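One-letter residues, chain by chain:
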Amino acid sequence: MRINLRKMHDNQAGTIASVKVAGELGRRLRDMGLVPGTEIKIQGRAPLYDPVALRVMGATLTLRNNEADYIEVEIE
Amino acid sequence: MAPTVALAGNPNSGKTTLFNELTGSRQHVGNYPGVTVEKKEGTYVRDGFRLHIVDLPGTYSLTAYSLEEVVTRDFLVNQKPEVVINIVDASNLERNLYLAIQFLEMGIPICIALNMIDVAKKRGIKVNAQKLSSLLGVPVTPTVARSGRGKKELMDSASQIAQGHRQFTPLKISYGADIDPVLSEMEKEIAGRHFLTDTYQARWIALKYLESDEQIISKGQKANPDLSSRLKEMVRKVSHHLLNTLDTYPEAMIADQRYGYIKSILKQGVIHHKYDRNRLYSSDRIDKVLTNRFVGPLIMLAVIAGLYHFTFTYSKLPVGWLERFFGWLGSSLSAVLPAGMLKSLIVSGIIDGVGGVLGFVPLIMFMFFGIAILEDSGYLARVAFMLDRVFRIFGLHGSSVMAFIVSGGIAGGCAVPGVMATRTLKSPRERLATLLTVPFMNCGAKLPVFALLIATFFAKYEAAIMFLITLGAWAGALLVAKLLRVTVIKGAPTPFVMELPPYRMPTFKGLAIHTWERTWQYIKKAGTVILGLSIVLWAMMTFPGLPDSKIQEFETLRQAETSRVPVAIAAELKAAREGAGLSGPASSLKEKLQRIDAAEAEAGLRNSIAGRIGGALESVSKWAGFDWRTNIALVGGFAAKEVVVSTLGTAYSLGELDPEETGSLSETLARDPGWSPLMAVGLIVFTMFYSPCFVSVICISRESGSWKWGVFAMAFNTVLAFVLAVLIFQIGSAFGL
């Protein structure tokens, strides 16, 4: 099943299916390894529920919810 | 000349640690030409051979996305270092190799430092360096930068490459069936017409066109507009095709293929994970507490308050030493030098000016030491993570908070270290908005002004008013930041996407180097300009001085007073030393003479350039209820905000006042019919928001890379403050307050 990254709950894991954004943000996401096929896991959210922290390739990344909106994740 | 070795790598890969390990104290910090990105250079010496080491900014990629990336790329193509050492984090190999692949695509001579191999091992990650080396075709050396392990082997392979023993050809990887044919077609066109090829490789230029790289495309547009348009047309076609068939963009496709290439390499037995990759490490367990929804913010408050306390409490001692030293220097020179302009220039202009600059040094050192601990340990990234939601509303970044706090977000800070603290912010627009608004915070120098006015007019509500002033400063700063972000610094928020690096114990060496280089930059850059400006300000408050006839008048008054008492009394006063007890008549004479001196000082100030400006401004400032005395004091406050109080003292003929001892001024203001509580409120608000002191203005100019922003801060803030003060005074007067 495919869902938006924003909708994933804490500790949920999945594989990135698509990243649909061009320009600066798109580049930045790809530089950090957020490309289709990458496995991610939600590590937690900031006290105000935004930004979100992800586990990606053994490292922890954070992004704002409105940036996460461009990422679709395939989950089991 | 020694061969140049450039260090490149992702942020948090241990690049700076390696740089410090290689160069030790033989390093210096400057800026890349025209930008505010720091350039660190140093020398590595071993067994008689020397290498010139350049620490490039930390980057994840070689697009033209950020200033750091552009700087890195320009350095590589223009300076052509003999070898680039690419530091990769072994515990995070897959993502770190993304940069390495881009170096290989450029055909740059590189060797790889497989850093933090110890951390990787602890995490159950085994990397086969030899296998990786043979697959990538470049030397790979396992290192631990913190302990210096592998340093010798790494430098051996770097110097071999530097001597030209190895050939490097650009890596050609497949970017998929859609891109590859277009890429080779473009490459042919570019090579055939020598389009930018004296600087870049043809295939790489084509690749950058496909990635819609702004820097390369604008260069191409200048070099050969025809060909550039043709290339762009080819890119447009393939983009269109990719969007229709695969719903993606060429640059996304290229990135995917690069990661695919990395995966295919790692799969060939390069890396072995003993545990699940998403296993939680001790760092993550710490995060469970430190970024916890309830405990996290509380700990953060404590840490921020701690940093503040550390900076401003512990620096008091050295600040006091410096103040005493310059006080001593001033008074001993006063005793030696003959009275006159030269003495006034040296004591009031130069020594006070230099003392003012150096007085900030302990503050800056302590602040940077504290921030370096937070930064190097990884906690600063967590602060940004937790506070981003709040600061984003105002067009700022989570990391902005440090600069605000240091500047006086907790009343009593200082905008100079605050402005410099914005260096930890990597988003250019957010950083500029932060450094333009931190001077609104209530720095320690504004406090004597507030204290004076509160004690005079609102003595009963002291605590409540101070609290309101603090809130007002925050509200003002955040709202102005928002205003700037939708007007002069408008633009989409810089993507927040960042790494939360694992917690690490900072090394003392790293902290010391970090602190010292930033402090030294402040002394070097700000020092010279500030010295010049403080002389200008001194001249404004001193010249043209009173005409001789006026001076004579005061002298006659003095003589009249002296002749009115018996000669013995005058002689007693003359012979008495500072602080010695005087008889009744002698001390009454002393008081009278002091009053005349003060009146002369007032007349002199009124007649000075600053005084004339203050007088001329009265026609405008009366809208806010300020008379010429207040105006002069505010002009003086541009030198340093606490000068407002001492200048008011002079303007009210009270002589030089110690900003901490203002009882007499307070009484004078309370009696003066020109003053009212309403005007005091207006003046408090004006002092909060008007032009930053000139040390801050210079720091703002330096940090933003342009005098334009320093001038902007002066003009905009003063206009804003004036409008607020006028509103308060006029509306208040209308209500009969």
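Just so it is clear, the structure is predicted and the values come from calculations on it, not from any experiment.

A. Examining the overall build of chain A more closely. Secondary structure assignment for chain A yields two helices and six strands. Start at the N end of chain A and walk to the C end: the helices and strands fall as β-β-α-β-β-β-α-β. For chain A, the C-alpha radius of gyration of 11 Å lies close to 11 Å, the compact-globule estimate for 76 residues. If one aligns the C-alpha atoms of chain A with their principal axes, the spans along those axes are about 30 × 25 × 20 Å. Counting the 76 residues in chain A, one finds 51% classified as buried. Considering only contacts within chain A whose residues lie at least 6 apart along the sequence, 52% involve residues at least 24 apart.

B. Spatial organisation of the overall build of chain B. A count of helical and extended segments in chain B gives 33 helices and 10 strands. By principal-axis analysis of the C-alpha atoms, chain B measures approximately 105 × 60 × 55 Å. By the burial criterion, 45% of the 737 residues in chain B qualify as buried.

C. Structural view of the interface of chain A and chain B. Opposite the 33 residues of chain A that make contact, chain B presents 31 residues. Within the residue set of the side of chain A that touches chain B, elements represented by two or more residues are β2 (13-19), α1 (23-31), β3 (39-45), β4 (52-56) and β5 (59-63) of chain A. Tallying contributions element by element places α1(A) first for the side of chain A that touches chain B, with eight residues. By residue class, the composition of the side of chain A that touches chain B is 17 nonpolar, six polar and 10 charged. With two bridges connecting them, β5(A) and strand β10 (residues 498-499) of chain B associate as antiparallel partners. Paired with A:Thr62 across the strands is B:Met498, a residue of β10(B).

D. Up close: the pairing of β4(A). Residues and elements named next belong to chain A. Buried residues dominate β4, accounting for five of its five residues. Every second residue of β4 is oriented toward a common face, with Val52, Leu54 and Val56 on one face and Ala53 and Arg55 on the other, all of them buried. Sheet topology places β3 next to β4; five bridges connect them, and they run antiparallel. Each residue of the ladder has a partner; that of Gly44, found in β4, is Ala53. Counting the residues in the hairpin turn of β3 and β4 gives six residues, including Tyr49, whose phi is positive at 65 degrees. Two elements, β4 and β5, share five bridges in a ladder whose sense is antiparallel. Across the sheet, residue Leu54 finds its bridge partner in β5, namely Leu61.

E. Geometry of the sheet that holds strand β6 (residues 71-74) of chain A. Strand order across the open sheet formed by seven strands is β1(A)-β6(A)-β2(A)-β3(A)-β4(A)-β5(A)-β10(B), with antiparallel pairing between neighbours. In this open sheet, the two strands that pair with only one neighbour each are β1 (2-4) of chain A together with β10 of chain B. Pairing of β2(A) with β3(A) involves three bridges; the strand directions are antiparallel. From the neighbouring strand, A:Thr15 faces β3(A), where its bridge partner is A:Glu39.

F. Focus on unusual backbone geometry. Across the junction of A:Asp50 and A:Pro51, the peptide omega takes the value 0 degrees, indicating a cis bond. Of note, the bond from B:Phe543 into B:Pro544 is cis; its omega dihedral lies within 30 degrees of zero at 0 degrees. With respect to the element layout, B:Pro544 can be found in the loop between α23 (508-542) and α24 (548-564). The residue B:His194 is not glycine, and still its phi comes out positive at about 50 degrees. Of note, B:His194 is situated in the loop between α7 (179-192) and α8 (202-210).

G. Representation of the sheet that holds strand β3 (residues 38-46) of chain B in the model. Residues and elements named next belong to chain B. Overall, mixed pairing links the seven strands, which are arranged β2-β3-β4-β1-β5-β6-β8 in an open sheet. Strand pairing shows two members of the sheet lacking a second neighbour, β2 (27-31) and β8 (140-142), which therefore form its edges. Across the sheet, the mean angle from the axis of one strand to that of its neighbour is 25 degrees, orientation sign disregarded.

H. Quick look at the nonpolar core. Residues and elements named next belong to chain B. Ranked by size, the top nonpolar core spans 209 residues in total, and within it Ile85 and Ile205 carry the most contacts. With 11 residues, the top contributor of residues to this core is helix α16 (residues 361-377). Structurally, this core is a two-domain feature, drawing no fewer than three residues from each of domain 1 (4-162) and domain 2 (179-257). Non-local contacts of Ile205, meaning those with residues more than four positions away in its chain, are made with Ile190, Phe195, Leu196, Tyr200 and Ile216.

I. Here's a closer look at the packing of α7(B) against helix α10 (residues 225-246) of chain B. Residues and elements named next belong to chain B. Interaxial distance between α7 and α10 falls to 11 Å at its minimum, and their mutual angle equals 175 degrees. Judged by the angle between their axes, α7 and α10 are roughly antiparallel. Contact residues: Ile179, Val182, Glu185, Met186 and Glu189 in α7; Leu227, Leu231, Met234 and Val238 in α10.

J. Geometry of the packing of helix α13 (residues 295-314) of chain B against helix α17 (residues 379-392) of chain B. Residue and element names in this part refer to chain B. Interaxial distance between α13 and α17 falls to 11 Å at its minimum, and their mutual angle equals 125 degrees. Here α13 is positioned oblique relative to α17, judged by the angle of their axes. With respect to the hand of their crossing, α13 and α17 are arranged in left-handed fashion. On the side of α13, the interface is formed by Gly296, Pro297, Met300 and Val303, while α17 contributes Tyr379, Val383 and Met386. Residue classes in the contact of α13 with α17 are distributed as six nonpolar, one polar and no charged.

K. View of the confidence of the model for chain B. Confidence in the prediction of chain B, expressed as mean pLDDT, is 87, and 96% of residues score 70 or more. Reported confidences for the modelled complex are a pTM of 0.83 and an ipTM of 0.95.

Scoring rules and cut-offs
Residues numbered from 1 in each chain as written. Chains lettered and ligands numbered in written order. Predicted model: local features only at pLDDT ≥ 70, side-chain atom pairs only at ≥ 80, totals over all residues. Helix = DSSP H or I, 4+ residues; strand = E, 2+ residues; numbered from the N terminus. Rg over C-alpha atoms; globule rule 2.2 N^0.38 Å. Buried ≥ 20, exposed ≤ 12 C-beta atoms within 10 Å, placed from the backbone. Contact = placed C-beta atoms within 7 Å. Nonpolar A, V, L, I, M, F, W, Y, C, P; charged D, E, K, R; others polar. Pairing = 2+ DSSP bridges. Axes fitted to C-alpha atoms, helices over the stretch in contact; angles between N-to-C directions. Core = buried A, V, L, I, M, F, W, Y, C linked by C-beta atoms within 7 Å. Domains from an automatic or database assignment. Parallel < 35°, antiparallel > 145°, perpendicular 65-115°, else oblique. Left-handed = near helix turned anticlockwise from the far one by under 90°. pLDDT = per-residue confidence, 0-100.

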